[in-house]
Amino acid sequence: MKQPPADSELGRLFAQFPRAGRVDWIGLRPARDVAMREVESADAQVGGGLQGDRYAGGSGKRGITLIQAEHLPAIAALSGHDDIAPATLRRNLVVSGIPLAALRGRRFRIGDVLLEGTDACDPCSRMEAALGPGGYNAMRGMGGLCARILEGGTLRRGDAVLGE
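Since we're looking at a predicted model, the values are computed, not measured.

A. Main features of the nonpolar core. Ile64, Leu66, Leu93, Phe108 and Ile110 are the most contacted members of the largest nonpolar core, which totals 24 residues. Counting only elements with at least two residues in this core, the list comes to strand E1 (21–28), strand E3 (41–44), strand E4 (64–68), strand E5 (93–96), strand E6 (107–110), strand E7 (113–120) and strand E8 (145–151). In terms of nonpolar packing, the next biggest core, distinct from the first, is built from 14 residues, Ile75, Ile84, Met127 and Met142 among them.

B. Up close: the confidence of the model for the protein. Summary statistics for the protein give a mean pLDDT of 90 and a share of 96% for residues scoring 70 or more. Per-residue pLDDT, averaged within each element of the protein, yields its smallest value for helix H1 (residues 9–14) (79) and its largest for E5 (98).

C. Geometry of the side chain of Ser79. Mapped onto the fold, Ser79 is located in the loop between helix H2 (72–78) and E5. Dropping the residues within four chain positions of it, Ser79 is found in contact with Ile84, Leu131 and Ala138.

D. Molecular detail of the side chain of Arg91. Assignment of secondary structure puts Arg91 in the loop between H2 and E5. Although Arg91 lies buried, it forms no salt bridge, and the closest oppositely charged side chain, Asp122, sits 7.2 Å away as judged by the N-O distance. In terms of polar contacts, Arg91 uses its side chain to reach the backbone carbonyl oxygen of Asp122, at 3.5 Å. A distance of 2.7 Å separates the side chain of Arg91 from the backbone oxygen of Gly143, its partner in a polar contact.

E. Quick peek at the state of the cysteines. Scanning the model with the defined rule gives 0 disulfides in all. Lacking any disulfide linkage, Cys146 is separated from the closest cysteine sulfur, that of Cys121, by 3.8 Å. Exposure remark for Cys146: the relative accessible area of 5% places this residue in the buried category.

F. Main features of the environment of Ala76. By secondary structure assignment, the location of Ala76 is in helix H2. Classification of Ala76 by relative accessible area gives buried; the value is 1%. Residues Ala76 and Gly47, 29 residues apart in the sequence, show an inter-C-alpha distance of 33 Å.

G. Structural context of unusual backbone geometry. Despite not being glycine, Asp33 has its phi angle at roughly 60 degrees, a positive value. Inspection of the secondary structure assignment puts Asp33 in the loop between E1 and strand E2 (37–39).

Calculation rules
Within each chain, residue numbers correspond to sequence positions counted from 1 in written order. Where local features are concerned, this predicted model is filtered to residues with pLDDT of at least 70; where side-chain atom pairs are given and counted, the filter is 80 or more; whole-chain, interface and lining totals use all residues. Computation of side-chain values: all heavy atoms of the structure, hydrogens and water removed. Here, nonpolar core refers to any group of buried Ala, Val, Leu, Ile, Met, Phe, Trp, Tyr and Cys residues whose side-chain atoms link them within 4.5 Å. Residue burial is assigned from relative accessible area. The probe radius is 1.4 Å, only protein chains are included, and a residue is buried under 20% of its type maximum, exposed over 50%, and partly exposed in between. Helix and strand definitions follow DSSP, with helices as H or I runs of at least four residues and strands as E runs of at least two, each counted in order from the N terminus. Every residue is assigned a pLDDT by the predictor, reflecting its confidence on a scale from 0 to 100. Contacts were defined at the residue level, with two residues in contact if any of their heavy atoms lie within 4.5 Å. Only four residue types enter the tally: Lys and Arg on the positive side, Asp and Glu on the negative side; His and the chain ends are excluded. The term salt bridge refers to a side-chain nitrogen of Lys or Arg lying within 4 Å of a carboxyl oxygen of Asp or Glu. In protein, a polar contact requires one atom able to donate a hydrogen and another able to accept it; more generally it is a pair of N or O atoms within 3.5 Å, and residues adjacent in sequence count only if both atoms are side-chain atoms. The disulfide criterion used throughout: a pair of cysteine sulfur atoms within 2.5 Å.

Structure below.
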């Protein structure tokens, strides 16, 4: 959905968050087709990605990928699993407590890092192999958010996620 004007009633609702979110998990993809590596913290580089991640060299609008923790049980249920490990979905951050869809097109902070939500992070064809038949469709609409890094710094598990 296109952002409504900031001075409209709908614009004010778009800007309102009842509470801060939280980073629950951080993972890096060192190379294509390699397992994710869980870490406690990661350095975010302006105009790039997370140090040690395959997209760190200048991925532009896909500098960091995020997925909402609240969607993991739904994706698991829709793909026929009891639960899903965050690394299976190949996103850098698992975030809880704040709707990622509301951060699309907006600036937000995680710790001291300033990000801008750029686009939905749609599932790729790898999800069919990772989750089994129907895995791609199980994840549609719940793939998360891509974000660009505007101010670098260190992201840590437990950091607050705040809309600006």
